[in-house]
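# Structural features, examined
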Amino acid sequence: MNYQWYPGHMTKARRMMQEDIKLIDLVIELVDARVPSSSRNPDIDELAKNKARLILLNKSDLADERMNQAWMAFFQEKGFHVVQVNSRSGAGIKAIGAVIQEACKEKTERDRKRGIKNRPIRAMVVGIPNVGKSTFINTYAGKACAKTGNKPGVTKGKQWIRLNKSTELLDTPGILWPKFEDQAVGMKLAMVGSIRDEILNMEELALKLIEFLDQAYPGTLSGRYGVLEEKSALEVLNGIAKNRGCLLKGNELDYSKASSILLDDFRSGRLGRITLEQPEA
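Because the structure is a prediction, the values reported are computed rather than measured. (Residues numbered from 1 in each chain as written. Predicted model: local features only at pLDDT ≥ 70, side-chain atom pairs only at ≥ 80, totals over all residues. Heavy atoms only, no water.)

### Observations regarding the packing of aromatic side chains
Our working rule: Each Phe, Tyr or Trp ring (for Trp, its six-membered ring) is paired with any other whose centre lies within 6.5 Å, and the angle between the two planes then decides the class: stacked below 30 degrees, edge-to-face above 60, tilted in between. Three exposure classes are used, based on accessible area relative to the maximum for each residue type with a 1.4 Å probe and protein chains only: buried under 20%, partly exposed in between, and exposed over 50%. In this scheme, Lys NZ or Arg CZ marks a charge over a ring once it lies within 6 Å of the ring centre and within 35 degrees of the ring normal.
Tallied over the entire structure, the rule returns six aromatic pairs. Where Phe75 meets Phe80, the ring centres are 6.0 Å apart and the plane angle is 90°; that geometry is what we call edge-to-face. A residue is classified by how much of its surface remains accessible, and Phe75, at 1% relative accessible area, is buried. The class of Phe80 is buried, set by a relative accessible area of 11%. Three or more aromatic residues joined by ring pairs form one cluster here, namely Trp71, Phe74, Phe75 and Phe80. Here the guanidinium or amino end of Arg34 rests over the ring plane of Phe266, the centre of that ring lying 5.9 Å away. Geometry around Trp160 places Arg122 over its ring, the cationic atom sitting 5.5 Å from the centre.

This is the structure in structure tokens:
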């Protein structure tokens, strides 16, 4: 299966970010904690160089806690500030304010020496589609946010949101789109639901997930579905279909339905907290 993405949007998105980055003190990048490497756009590091950086491990409640810690250490070693969050529930959101101040303390000190006091930190939120940018912005800003209107040099349609006296957020939904040549990246993004299911072969995806879980999280599938894991991935999917009553006319097994059940259970966390990739050594 060839995993497709949105390469046509890349040039426009890149140009937008290049225009806006000069107005920015801090780049806040959301990644999916289940696939922290695959859900990063490789161009962001180049576009955001010389800016303070904050990575939010979003959906961290669905990811393996041991791996969350390993990924935090990995990114921190590269010079990023990192916070685990769940944008839907709001978990971790309160910690972000202090981390923003810490990430931008050099900029604040430079302002102070130049006699500039109380200028808010300006942050841009970036991330690939479906990683939870809008949910994060809405949760972090809350209902009390005051929109400060367009600033000079900002393209019409972008919106500055004053979070508090010390921080303003540039709301640029869908700022960056990934392109990848490595199909393993596409496969992982498909597994977590970042690529539309309608264009995927769900059965093939389910078989790949079964193979991964058998190696990395043994006992997960037998515990959830009562299947024997030492069998082939196809036999395991066969067992899931049987045990969940996924039948077509004539009592044929409905592999499509069984695949959807498996992927839904994984994406929702019903299989437990699972991370699909480890930091490179």
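### Regarding the pairing of strand β7 (residues 167-171)
Operational definition: By definition, any uninterrupted DSSP run of H or I lasting at least four residues is a helix, any uninterrupted run of E lasting at least two residues is a strand, and each is numbered from the N terminus. By this definition, two strands are paired if DSSP reports at least two bridges between them.
Across the five residues of β7, four count as buried, placing the element largely inside the fold. As paired elements, strand β4 (residues 121-126) and β7 share four bridges and run parallel to each other. Counterpart to Ala123 in the pairing with β7 is Leu169. Where strand β6 (residues 159-164) meets β7, five bridges bridge the pair, whose relative direction is antiparallel. Within the sheet, the bridge partner assigned to Trp160 lies in β7 and is Leu170. Hairpin connection from β6 to β7: two residues lie between these consecutive antiparallel strands.

### Points about the pattern of salt bridges
Selection rule: Definition used for salt bridges: Asp or Glu carboxyl oxygen within 4 Å of a side-chain nitrogen of Lys or Arg.
Evaluated as defined, the whole model comprises 21 salt bridges. Its salt-bridge partner being Glu46, residue Lys49 comes within 3.0 Å of it at the nearest N-O pair. When its relative accessible area of 44% is taken as the criterion, Glu46 is described as partly exposed. In this structure, Arg162 and Glu168 form a salt bridge, with 3.2 Å as the shortest nitrogen-oxygen distance. You can call Arg162 partly exposed: its relative accessible area is 32%.

### What to know about unusual backbone geometry
Despite not being glycine, Lys59 shows a phi value in the positive range, around 60°. The topology assignment puts Lys59 in the loop between β2 (52-58) and α3 (65-77). The backbone of Asn118 sits at a positive phi, close to 65°, despite the residue not being glycine. Tracing the sequence through the fold places Asn118 in the loop between α5 (105-113) and β4.

### A word on the side chain of Asp25
Heads up, the condition is: Here a polar contact is taken to be a pair of N or O atoms separated by no more than 3.5 Å, where protein atoms must pair a possible hydrogen donor with a possible acceptor and residues adjacent in sequence count only if both atoms sit in side chains. Note on contacts: a residue pair is in contact if any heavy atoms of the two residues lie within 4.5 Å.
Looking at the secondary structure, you find Asp25 in the loop between α1 (10-20) and β1 (26-32). Within the structure, Asp25 has its side chain in polar contact with the backbone nitrogen of Arg122 (distance 2.8 Å). Those residues in contact with Asp25, other than ones at most four positions away along the chain, are Lys51, Ala52, Cys104, Lys107, Arg119, Pro120, Ile121 and Arg122.

### Quick word on helix α7 (residues 183-191)
Since the α-helix packs 3.6 residues into each turn, any two residues three or four apart lie on the same face. The buried fraction of α7 is high, at seven of nine residues. Turning to α7, its buried residues number three or more, namely Val185, Gly186, Met187, Lys188, Leu189, Ala190 and Met191. Those residues of α7 that are buried are in contact with α8 (202-216) and α11 (255-268). One or two residues past the end of α7 sits Gly193, with phi positive at roughly 95°.

### Describing the nonpolar core
Basically, it comes down to this: By convention a nonpolar core is built from buried Ala, Val, Leu, Ile, Met, Phe, Trp, Tyr and Cys residues, the set being connected through side-chain atoms within 4.5 Å.
Counting 71 residues, the largest nonpolar core has Leu26, Ile28, Leu54, Leu56, Ile96, Phe136 and Leu262 as the members making the most contacts within it. The element best represented in this core is α8, accounting for six residues. With near-sequence residues (within four places) excluded, Leu262 lies in contact with Ala206, Leu209, Ile210, Leu221, Tyr225, Ile240 and Leu271. By size, the runner-up hydrophobic cluster in this structure holds twelve residues, among which are Ile21, Leu23, Ile24 and Leu170.

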